[in-house]
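# Examination of the molecular architecture
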Amino acid sequence: MRERRASMVANQEAAKEALRATRQAKAEEETAFDELHLRLGPGLKAWSEDHGKKKNVRALLAGMDKVMWPESNWQPISIGDLLDPKKVKRAYYKASRFVHPDKLVNLSTEQKFIGKRVFDALSQAYADFENGNSN
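Residue numbers restart at each chain and count upward from 1, following the sequence in its written direction. With pLDDT at 70 or above as the cut-off, local features in this predicted model cover only qualifying residues; side-chain atom pairs require 80 or more to be listed or tallied, and sums for whole chains, interfaces and linings still use all residues. Each side-chain value is derived from all of the structure's non-hydrogen atoms; neither hydrogens nor water enter the calculation.

### Considering the overall build of the protein chain
- Counting from the N terminus, the helices are DSSP H or I runs at least four residues long and the strands are E runs at least two residues long. Scanning the protein chain from terminus to terminus reveals four helices and two strands.
- When the helices and strands of the protein chain are listed from N to C terminus, the series reads α-β-β-α-α-α.
- Values of the radius of gyration come from C-alpha atoms, whereas the globule rule sets the reference at 2.2 Å times the count of residues to the power 0.38. Taking 2.2 N^0.38 as the reference for a compact globule, 135 residues should give roughly 14 Å; the C-alpha atoms of the protein chain span a radius of gyration of 21 Å, well beyond that estimate.
- Reported as C-alpha extents along the three principal axes, the dimensions of the protein chain are approximately 75 × 30 × 30 Å.
- Contact criterion: two residues are considered in contact whenever any of their non-hydrogen atoms come within 4.5 Å of each other. Contacts in the protein chain between residues at least 24 apart in sequence constitute 64% of all its contacts with a sequence separation of at least 6.
- Surface accessibility follows the Shrake-Rupley procedure with a 1.4 Å probe radius. Residue values consider only the protein chains on display as shielding. Here the protein chain displays about 9500 Å² of accessible surface, and carbon together with sulfur accounts for 51% of that area.
- When charges are counted, Lys and Arg are positive and Asp and Glu negative, with His and the chain ends excluded. For this purpose, a charge sits on NZ of Lys, CZ of Arg, CG of Asp or CD of Glu. With 24 positive and 19 negative side-chain charges, the protein chain shows a separation of 5 Å between the mean positions of the two kinds.

### Here we look at helix H1 (residues 2-48)
- At Leu40, H1 shows its strongest bend, of approximately 55°, with the proline Pro42 following within four residues.
- Taken together, the buried positions of H1 are Leu36, Leu40, Gly41, Leu44, Trp47 and Ser48. Fitting one axis to the seven residues ending at a residue and another to the seven starting there, the bend at that residue is the angle between the two axes. Categorising residues by exposure relies on relative accessible area from a 1.4 Å probe, with only protein chains included: less than 20% of the type maximum marks a residue as buried, more than 50% marks it as exposed, and the intermediate range marks it as partly exposed.

### Let's talk about the packing of aromatic side chains
- Aromatic pairs are defined between Phe, Tyr and Trp rings, using the six-membered ring for Trp, whenever the two ring centres lie within 6.5 Å; interplanar angles under 30 degrees are classed as stacked, those over 60 as edge-to-face, and all others as tilted. Per the counting criterion, the structure on display carries six aromatic pairs.
- Look at Phe33 and Phe113: their rings are 5.6 Å apart centre to centre, the planes differ by 85°, and that puts the pair in the edge-to-face class. Of this pair, Phe33 sits in helix H1 while Phe113 sits in helix H4 (residues 109-130); the two residues are 80 residues apart in sequence, bridging distant segments of the chain.
- The class for Phe113 is buried, based on a relative accessible area of 5%.
- Just above the ring of Trp74 sits the side chain of Lys94; from NZ or CZ to the centre is 5.6 Å. Cation placement over rings: the criterion is NZ of Lys or CZ of Arg within 6 Å of the ring centroid and within 35° of the ring normal.

And the structure:
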């Protein structure tokens, strides 16, 4: 009985330590995201907005190569290729798969930050496009 209790206490301590480590890693990532927001935020905002107004999905997709990290190998899309709504949909899905947060797991914090911001901007712009608010 004592061995079982000692084992249980040891397991609890190990679980507490793992939880502390996870919380510490999350706090460090949040701090890094805050620093990246200050450094990269203006460039990403310029890409996603024009004088305070959100850009449409075509403009975002055409300019996405300017905000992606160099090693991403993202191929630029011409605005002329995005005139057909079906091509916009295809390009959006390709881009959203490319920067989806679930796909950014093994990347650096900076790349995760950029990917998350790009994904959010594309998602909002495409929702407007689907609702007919933007062409």
